[in-house]
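The lines below spell out each chain.
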Amino acid sequence: MTSLSPADAERLRLAFQRCRDMEGTLNEQLRAYAHAGREIFPAYGEAVDRLVERLSRNGGGENAPRPGEVMPPFMLPDETGQLVTLSSLLAHGPVAVMFFRGHWCPYCRLNVRAVIQAEDRIRAMGARIVAIMPETQEFTGKFKIEASAPFPVLTDLDNGYALSLNLAIWLDTEIQGLLSYQDMAKFHGNDGWMLPIPAVFVVGRDGIVVARFVDPDFRKRMEIDDLLEALERARGVA
């Protein structure tokens, strides 16, 4: 099974920089990176297509909380080890709960960068962002520092919270082989090869989900304009 060569890893890094700096919406940047990745590392792109097809066929993420439902509470440590609860965040206003795959994921890095660029508008409406990842605090801290994220990045060790939301998925042996250049066991503190489906849940102060974005294809994310519109709607929730 072919893993990523150092030369191709460098090509991907440069492609990421080009996509990061291009004009366009978040999903235009994501599509551009996916296209570049498919040219540089076609085996991975094809394996991801098969993974997404399997997840879609099995209703991956379908049973996650829907608009009108209560968002299950959480208490998770941030990158400093301090415990953060959903209720403490909601005390200040609506919250977008965002699930990311990990600090190593270029799609997540593009996603978080776009969110940070909208942070002033998010704060102006009294809303907050919280990121959740299955990585240990060493790597959530790395993600936060490298992204200059002004919001908490929480550790969902062993994907416990993601599992409770029906978001956790297992990466099959094909994907594992292709991603062998990433030390997932070190990142996660386990060798389970489980990741969350990237997702966004916009929650009103009453704890009810106002909007969600859940897509088994991690190459697609909630557009920033849609996130802002949903947070604006959530402001009107008592």
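Each chain has its residues counted from 1, running along the sequence as written. Only residues with pLDDT of 70 or above have their local features reported here, since the model is predicted, and side-chain atom pairs are shown and tallied only from 80 upward, although totals for entire chains, interfaces and linings are computed over all residues. The side-chain figures draw on all heavy atoms in the structure; neither hydrogens nor water molecules are used.

1. Some points on the environment of G204
Then comes step 1: Within the fold, G204 resides in the loop between β8 (199-203) and β9 (209-214).
Then comes step 2: Placed 110 residues apart in sequence, G204 and P94 show a C-alpha to C-alpha distance of 4.6 Å. Only runs of H or I of at least four residues qualify as helices and only runs of E of at least two qualify as strands under DSSP, and these elements are numbered from the N terminus.

2. Some remarks on the nonpolar core
Then comes step 1: F74, V97, F99, F201, V202 and L227 are the most contacted members of the largest nonpolar core, which totals 86 residues.
Then comes step 2: Here, residues are in contact when the closest pair of their heavy atoms is within 4.5 Å. In contact with L227, not counting residues within four places along its chain, are A96, V115, I122, I129, V200, V202 and M222. Residue types Ala, Val, Leu, Ile, Met, Phe, Trp, Tyr and Cys, when buried and joined through side-chain atoms within 4.5 Å, form a set referred to as a nonpolar core. For the exposure calls, accessible area comes from a 1.4 Å probe over protein chains only, and a residue counts as buried if that area is under 20% of its type's maximum, exposed if over 50%, partly exposed in between.

3. Here we look at the packing of aromatic side chains
In this description, an aromatic ring pair is defined by two values, namely the gap between the centres and the angle between the planes.
Then comes step 1: We call Phe, Tyr and Trp rings a pair once their centres come within 6.5 Å, taking the six-membered ring for Trp, and we label the pair stacked below 30 degrees between planes, edge-to-face above 60, and tilted otherwise. Counted under the stated rule, the structure contains 9 aromatic pairs.
Then comes step 2: Centre to centre, the rings of F99 and Y161 are 5.9 Å apart; their planes meet at 25°, and the pair counts as stacked. In this pair, F99 sits in strand β3 (residues 95-99) while Y161 sits in helix α8 (residues 160-164), placing the two residues 62 residues apart along the sequence.
Then comes step 3: Given a relative accessible area of 2%, F99 falls into the buried group.
Then comes step 4: Plain terms: the ring middles of F100 and F143 are 5.7 Å apart, the flat faces sit at 45° to each other, and that makes the pair tilted. A residue pair is termed long-range when its members are at least 10 positions apart, and F100 in the loop between β3 and α5 (106-117) and F143 in helix α7 (residues 137-147) qualify at 43 residues.
Then comes step 5: With a relative accessible area of 2%, F143 lands in the buried category.

4. Considerations on the layout of surface pockets
Any empty space left between atoms is shown by rolling a water-sized probe over those atoms.
Then comes step 1: As defined here, a cavity is a set of points on a 1 Å grid over the protein atoms alone where a 1.4 Å probe fits but cannot get out. A pocket is an open set with protein on both sides within 12 Å along at least five of seven lines, and residues line them when an atom is within 4 Å of a point. Grid points are joined across faces, edges and corners, and a volume is the space filled by probe spheres set on the points. Considered as a void within the structure, the largest pocket measures approximately 520 Å³ in volume.
Then comes step 2: Lining of the largest pocket is provided by 29 residues; of these, L12, Y33, W104, P106 and Y181 occupy positions nearest its centre.
Then comes step 3: Elements with a minimum of two residues in the lining of the largest pocket: α1 (6-21), α2 (26-40), α3 (42-57), α5 and α7.
Then comes step 4: Tallying contributions element by element places α1 first for the lining of the largest pocket, with 6 residues.
Then comes step 5: Polar here means any residue other than Ala, Val, Leu, Ile, Met, Phe, Trp, Tyr, Cys and Pro, which are nonpolar, and Asp, Glu, Lys and Arg, which are charged; Gly is therefore polar. Looking at the lining of the largest pocket, its residues break down into 16 nonpolar, 5 polar and 8 charged.
Then comes step 6: Around the second largest pocket, the lining is made up of 16 residues, and of these G24, T25, L26, A114 and Q117 lie nearest the centre.

5. Some details on the pairing of β8
Then comes step 1: Burial analysis of β8 places 5 of its 5 residues in the buried class, which makes it a mostly covered element.
Then comes step 2: Burial along β8 is two-sided: the face carrying A199, F201 and V203 and the face carrying V200 and V202 are both buried.
Then comes step 3: Paired strands, in this sense, are two strands between which DSSP finds at least two bridges. Summarising the sheet, β3 and β8 pair through 5 bridges and their orientation is antiparallel. Its bridge partner being in β8, M98 is matched across the sheet by V200.
Then comes step 4: Direction of pairing for β8 relative to β9: antiparallel, over a ladder of 5 bridges. When the sheet's bridge partners are listed, V203 is paired in β9 with V209.

6. A look at the side chain of T140
Then comes step 1: Tracing the backbone through its elements, the reader meets T140 in helix α7.
Then comes step 2: Setting aside its immediate chain neighbours within four residues, T140 contacts E79, M133, E135, V153, L154 and T155.

7. Remarks on the side chain of D215
Then comes step 1: Relative to the elements of secondary structure, D215 occurs in the loop between β9 and α11 (224-235).
Then comes step 2: When charges are counted, Lys and Arg contribute as positive and Asp and Glu as negative, whereas His and the chain ends are disregarded. Whenever Lys or Arg places a side-chain nitrogen within 4 Å of a carboxyl oxygen from Asp or Glu, that contact is recorded as a salt bridge. It turns out D215 is buried and unbridged, and the closest side chain with the opposite charge, K220, is 4.6 Å from it.
Then comes step 3: At a separation of 2.8 Å, a polar atom in the side chain of D215 contacts the main-chain amide nitrogen of D217.
Then comes step 4: Leaving out residues up to four positions away in the same chain, D215 has contacts with I197, P198 and K220. Nitrogen and oxygen atoms within 3.5 Å of one another constitute a polar contact, given that in protein one can donate a hydrogen and the other can accept it, and given that sequence-neighbouring residues count only through two side-chain atoms.

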